[in-house]
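Structure at a glance
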Amino acid sequence: MTSQNEVDDMIKRIQASKGVQGLIIIDSDGIPIRTSMDNDTTLHYAALISQLTIHAKRVVRELDSSQELEQLRLRSHKHEIIVAPESKYIMIVVQVPEAL
Amino acid sequence: MTQAEVDDTLKRIQEHKGVQGYLIINSDGIPIRSSLDASVTQQYAALIKSLSDKARSTIREMDPSNELLFFRMRTKKHEILVAPDKEYTMIVLQATDAS
């Protein structure tokens, strides 16, 4: 079982990674429980990404009921959003890939 | 791009290690090219079209000056790559561990 310290270290490590602009963890109700971004941005991401993730998970299961969404990556002009859904939480990382 | 160049590109993608199939849908979600059978193609076209629209509006709602270029969904077995464009959307299905 990962301790709180290990979780904090992992979050710190991700945030310190080159290109990472922000990290948000939301719970299964879409409520942010950890964030490195400002309040408005966090709430905006939390609402939009939790909706999109629900939709994506449903699509994946409809295409193959034995499969579950593990990761969703959205690449746009300005950045890349990586979404890692878990049973109880969703982790969202916003980064600028080196190629940009 | 000429028709021949399109065909070559599709052939190259299909022969890429791990690629299980591709389809191209138009802006109405109608499949216009596919390497998969008809019913799988229809399923992918319908499901991915609506998800792609949702993903595009997610990006635009966060920042109206930004635009979705590409997205990918990964499961244990597969990865679905989606390249939405103005007139068409390209969808590629590949095995997750393509290396």
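Quick notes on the rules
- Residues numbered from 1 in each chain as written.
- Chains lettered and ligands numbered in written order.
- Predicted model: local features only at pLDDT ≥ 70, side-chain atom pairs only at ≥ 80, totals over all residues.
- Heavy atoms only, no water.
- Helix = DSSP H or I, 4+ residues; strand = E, 2+ residues; numbered from the N terminus.
- Rg over C-alpha atoms; globule rule 2.2 N^0.38 Å.
- Buried < 20%, exposed > 50% of the residue type's maximum accessible area, 1.4 Å probe, protein only.
- Contact = heavy atoms within 4.5 Å.
- Areas by Shrake-Rupley, 256 points an atom, 1.4 Å probe, with all protein chains shown as cover.
- Salt bridge = Lys/Arg side-chain N within 4 Å of Asp/Glu carboxyl O.
- UniProt positions renumbered as here; feature names shortened; annotations may be inferred.
- Buried area = accessible area lost by both parts, 1.4 Å probe.
- Polar contact = N/O pair within 3.5 Å; in protein donor to acceptor, adjacent residues only side chain to side chain.
- Nonpolar A, V, L, I, M, F, W, Y, C, P; charged D, E, K, R; others polar.

We now examine the overall build of chain A. Assigned secondary structure in chain A consists of two helices and five strands. Reading the secondary structure of chain A in the N-to-C direction produces α-β-β-α-β-β-β. Taking 13 Å as the expected radius of gyration for a compact globule of 100 residues, we find that chain A reaches 14 Å, a close match to that expectation. Classification of the 100 residues of chain A by burial places 43% in the buried group. Taking all contacts inside chain A whose residues are at least 6 apart in sequence as the whole, residues at least 24 apart take part in 38%. Here chain A displays about 5,700 Å² of accessible surface, and carbon together with sulfur accounts for 48% of that area.

This model, assessed by the stated rule, comprises nine salt bridges over all chains. Across the pair A:Arg73 and A:Glu80 runs a salt bridge, and its minimum N-O distance is 3.1 Å. Taking the relative accessible area as the measure of exposure, A:Arg73 reaches 26% and is therefore partly exposed. The shortest N-O distance in the salt bridge between B:Asp53 and B:Lys49 comes to 2.9 Å. With B:Asp53 and B:Lys49 both in helix α2 (residues 38-62) and four residues apart, the pair spans about one turn of that helix.

In this section: the UniProt feature "domain: Roadblock/LAMTOR2" (unreviewed entry) in chain B. UniProt's entry tags residues 6-94 of chain B with the feature "domain: Roadblock/LAMTOR2" (unreviewed entry), counted in the numbering of this structure. Strand forms 37% of residues 6-94 of chain B and helix 39%; the C-alpha atoms that close the span are 20 Å apart.

Moving on, we come to the interface of chain A and chain B. Counting from both sides, the interface comprises 29 residues of chain A and, opposite them, 28 residues of chain B. For the pair chain A and chain B, the two sides together bury roughly 2,700 Å², of which 64% comes from carbon and sulfur. Considering only the side of chain A, the residues that lose the most area to chain B are A:Leu48, A:Leu63 and A:Glu70, jointly responsible for 21% of the buried surface there. Between A:Asp64 and B:Lys77 there is a salt bridge; the shortest N-O distance is 3.5 Å. Inspection of the chain A/chain B interface yields 18 residue pairs in polar contact (both at pLDDT 80 or more). Only α2 (39-63) and β3 (71-76) of chain A provide two or more residues apiece to the side of chain A that touches chain B. The leading source of residues in the side of chain A that touches chain B is α2(A), at 13 residues. Considering only residue class, the side of chain A that touches chain B consists of 12 nonpolar, 10 polar and seven charged.

The subject of this paragraph is the side chain of B:Gln94. Checked against the element boundaries, B:Gln94 lands in strand β5 (residues 88-95). Residues in contact with B:Gln94, not counting those within four places in the same chain, are B:Gly18, B:Val19, B:Gln20, B:Arg72, B:Lys77, B:His78, B:Glu79 and B:Leu81.

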